[in-house]
Amino acid sequence: RSVKVLLKRCLDDRDDEVRDRAAWALRMADGNQSLRDKYVRDDSTFALATLERKLVEYCADPAAAAKGSFSFESIPRISRAQEEESRVRARMENMDAVLTGTTLSAPSASARGPGGSDNAEPGTPGLGSGAAASGFMDSFEQQAQYASKLNAIPELAAFGDQPLVSSAKPVELTESETEYVVRCVKHVYESHIVFQFDVTNTIPEQVLEQVEVAMEPEEDIEGVLQPVVVVPIPELKCDQPGTTYVAFEHTDPETFPAVSFGCTLKFIVKECDPATGEPEEGDDGFEDEYSLEATDISAGDFMQATYIPDSHSLWETLGTDGEAIETFALASFDSIEECVTKVCDLLGMCPLEGALKPKSKAAHQAV
């Protein structure tokens, strides 16, 4: 009671912030328990990179106001500890940039179109040439940059009206020493899936044109996934990375397919002068193809990792209707810690409450 008396006296303070904080504290003291838990005990916050991107897109869309007010439902949440860790990484990157004389800057969304190139890795958003940038890229910041890059491509821009659920880590589809180096990044929207193929031609005597990846599902996807867009690379010279895209429409939102795709790189080959990289006059080229490793879609690709501050209470409210109990053989791991990390990557979920730090070498319960 004496604390409330002091807070009420603070309502007459000359400082605006003091008055605001006192009013907020009194509201929390007089409110119900759920309200106090939401604003006092909840240690989660929004992923700022995603929130900033969504707000910019909302403000830049003239029709956004007609569609309704801004929604926070598609913004993933992180813990306060993760937010602080991200800030520490940003400070360290800035310090490294000052010490090494480099500049950390995100590339513009329009800097690279299909088949374009820059100093970063092919098709993958970067933070400049600093060594610290590539190692400390926050996943949500990277996803925000992926979204901006995809929205800048006319054939894929319409997908930007949907939430970008997840962007997977790049997967190599060839060996790094082969003549054509290809890696794949999966982007899952609410009703579309985009496969991004970063391609590098390492043969100086060749120029490739109309480069694209043909994808053949190894399982039946009729009624679930429908191919809608292929964005080829118009021209691909030696050591100038380019990006081609293949998009599928997810026609059945109630089904989350697990399917593998056989991939083949297709292109037109033209001979060129290695010194200039220009194709020879009169050379119409010939069609060729190159086999790639298969890529797949799994249940984890449809997950959006979100921090939950009080997971036990939420678990109790869910009941047993959505509960599944399975037994798996995980024999290819050297330790439980490695196993937990791989399982988290496979499921695409956010580990909570020390899940990544097993205390026992024999058993571990991860949330």
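Please refer to the structure higher up on the page.
Conventions adopted
- Counting restarts for each chain, with residues numbered from 1 along the sequence as it is written.
- For a predicted model such as this one, the threshold for reporting local features is a pLDDT of at least 70, and the threshold for listing and counting side-chain atom pairs is 80 or more; totals across whole chains, interfaces and linings nevertheless cover every residue.
- To obtain the side-chain values, all non-hydrogen atoms of the structure were used and water was disregarded.
- Numbering goes from the N terminus for both helices and strands, where a helix is a DSSP run of H or I of at least four residues and a strand is a run of E of at least two.
- With a 1.4 Å probe rolled over the protein chains alone, any residue whose accessible area is under 20% of its type maximum counts as buried; one over 50% counts as exposed, and the rest are partly exposed.
- Residue contacts follow a heavy-atom distance rule, with two residues in contact if any of their heavy atoms lie within 4.5 Å.
- Note on areas: these come from Shrake-Rupley sampling with a 1.4 Å probe, and a residue is covered only by the protein chains present in the view.
- Stacked, edge-to-face and tilted are the three classes for Phe, Tyr and Trp ring pairs, Trp counted by its six-membered ring, which pair at centre distances within 6.5 Å; planes under 30 degrees apart are stacked, over 60 edge-to-face, the rest tilted.
- The definition of a nonpolar core used throughout is a set of buried Ala, Val, Leu, Ile, Met, Phe, Trp, Tyr and Cys residues joined through side-chain atoms within 4.5 Å.
- Polar contacts, as used here, are pairs of N or O atoms within 3.5 Å; protein pairs need one atom able to donate a hydrogen and one able to accept it. Residues neighboring in sequence count only if both atoms are side-chain atoms.
- We define a salt bridge as a side-chain nitrogen of Lys or Arg found within 4 Å of a carboxyl oxygen belonging to Asp or Glu.
- Structural elements are reduced to axes, namely lines fitted to C-alpha atoms, with helices fitted over the stretch in contact, and the angle between N-to-C directions of any two is expressed from 0 to 180 degrees.
- In this scheme the crossing of two helices becomes right-handed for a clockwise turn of the near helix relative to the far one and left-handed for an anticlockwise turn of less than a right angle.
- Throughout this entry, Asp, Glu, Lys and Arg are counted as charged residues, while Ala, Val, Leu, Ile, Met, Phe, Trp, Tyr, Cys and Pro are counted as nonpolar. The remaining residues, Gly among them, count as polar.
- When DSSP locates at least two bridges between a pair of strands, those strands are taken to pair.
- Within this analysis, patches are made of residues with over 30% relative accessible area and no salt bridge. Like charges are joined at 9 Å or less; nonpolar side chains (Val, Leu, Ile, Met, Phe, Trp, Tyr) at 5 Å or less.
- Charge convention: Lys and Arg are scored as positive, Asp and Glu as negative, and His as well as the terminal groups of each chain are ignored.
- Taken as the charge centre is NZ of Lys, CZ of Arg, CG of Asp or CD of Glu, depending on the residue.
- Expected helix span is computed as 1.5 Å times (number of residues minus one).
- Note that the arc is defined by the directions from the helix axis to the C-beta atoms.

In terms of regular secondary structure, the protein chain is built from 10 helices and 13 strands. The burial tally for the protein chain puts 36% of its 367 residues in the buried class. A sequence separation of at least 24 residues applies to 65% of the contacts in the protein chain between residues at least 6 apart. For the protein chain, the computed accessible surface area is about 22,300 Å², with 52% contributed by carbon and sulfur atoms.

With a phi angle near 50°, Gln210 is a residue other than glycine that sits in the positive phi range. Take Gln210: it is sitting in strand 7 (residues 206-217). For Gln210, a relative accessible area of 42% corresponds to the partly exposed category. The residue Asp239 is not glycine, and still its phi comes out positive at about 60°. Secondary-structure assignment places Asp239 in the loop between strand 9 (233-236) and strand 10 (242-250).

Once that is clear, we can look at the packing of aromatic side chains. Note on aromatic pairs: each is described by the distance of the centres and the angle between the planes. A full pass over the atoms with the stated rule returns eight aromatic pairs. Aromatic side chains Phe195 and Phe197 sit 6.5 Å apart centroid to centroid with 15° between the ring planes, which places their arrangement in the stacked category. Each member of the pair, Phe195 together with Phe197, is buried. Considering the side-chain rings of Phe195 and Phe261, the 5.5 Å spacing of their centres and the 65° angle between planes classify their relative orientation as edge-to-face.

Moving on: the nonpolar core. In terms of nonpolar packing, the biggest core is built from 32 residues, with Phe195, Phe197, Met215, Leu225, Phe261 and Leu265 touching the most fellow members. Breaking this core down by element, the ones donating at least two residues are strand 5 (180-189), strand 6 (192-201), strand 7, strand 9, strand 10 and strand 11 (259-271). The element best represented in this core is strand 11, accounting for six residues. Phe195 has contacts with Cys184, Val185, Lys186, Met215, Thr244, Tyr245, Val246, Phe248, Phe261, Thr295 and Ile297, leaving out every residue within four places of it along the chain. Formed by 12 residues, the second largest nonpolar core is a distinct cluster that contains Ala147, Leu150, Leu156 and Tyr245.

What follows covers the side chain of Gln196. Mapping Gln196 onto the fold places it in strand 6. Within the structure, Gln196 has its side chain in polar contact with the side chain of Asp198 (distance 3.1 Å).

In the structure shown here, the tally under the stated rule is seven salt bridges. One salt bridge in this structure joins Arg21 and Glu17, with 3.0 Å as the shortest N-O distance. You can see Arg21 and its partner Glu17 sitting in helix 2 (residues 16-30), four residues apart, about one turn around the helix. Here Arg21 falls in the exposed class, since its relative accessible area comes to 56%.

What follows concerns the packing of helix 1 (residues 2-10) against helix 2. Close contact between helix 1 and helix 2 brings their axes to 8 Å; oriented N to C, the two are set at 145°. Taken as a pair, helix 1 and helix 2 cross one another with a handedness that is left-handed. Residue-level inspection shows Lys4, Leu7, Lys8 and Cys10 of helix 1 in contact with helix 2, the latter providing Val18, Arg19, Ala22, Ala25, Leu26, Ala29 and Asp30. When its residues are assigned to classes, the contact of helix 1 with helix 2 shows seven nonpolar, no polar and four charged.

Before going further, it helps to spend a moment on the pairing of strand 6. Along strand 6, 10 of the 10 residues are buried, which leaves the element largely enclosed by surrounding structure. Relative to strand 6, strand 5 is paired through nine bridges, and the arrangement is antiparallel. In the sheet register, Arg183 faces strand 6, and the bridge partner there is Asp198. Between the antiparallel neighbours strand 5 and strand 6 lie two residues. Bridging between strand 6 and strand 10 involves eight bridges; their strand directions are antiparallel. Each bridged residue has a counterpart across the sheet, and for Val199 the counterpart in strand 10 is Gly242.

Turning our eyes to something else, we now look at a negative patch on the surface. On the surface, a cluster of negative charge is contributed by Asp12, Asp13, Asp15 and Asp20. Note that Asp12 resides in the loop between helix 1 and helix 2.

With respect to the helices and strands, the residue Gln206 is situated in strand 7. By relative accessible area, Gln206 is classed as buried at 15%.

Moving on to helix 2. Counted at 1.5 Å a residue, the expected span for helix 2 with its 15 residues is 21 Å, and the 21 Å between its end C-alpha atoms agrees. Every buried residue of helix 2 is listed here: Ala22, Leu26 and Met28. All buried residues of helix 2 lie within an arc of 160° about the axis, which places them on one face of the element. Seen from the buried face of helix 2, the exposed residues on the opposite side, beyond 90 degrees, are Asp20 and Arg27. Capping the start of helix 2, Asp15 holds a side-chain oxygen 2.8 Å from the backbone nitrogen of Glu17, two or three residues further along.

Note on placement: Met303 falls in the loop between strand 13 (295-297) and helix 9 (311-318). Between the C-alpha atoms of Met303 and Cys350, which are 47 residues apart in sequence, the distance is 9.5 Å. Setting aside residues up to four positions removed in sequence, Met303 forms contacts with Val165, Ser166, Leu347, Gly348 and Met349.

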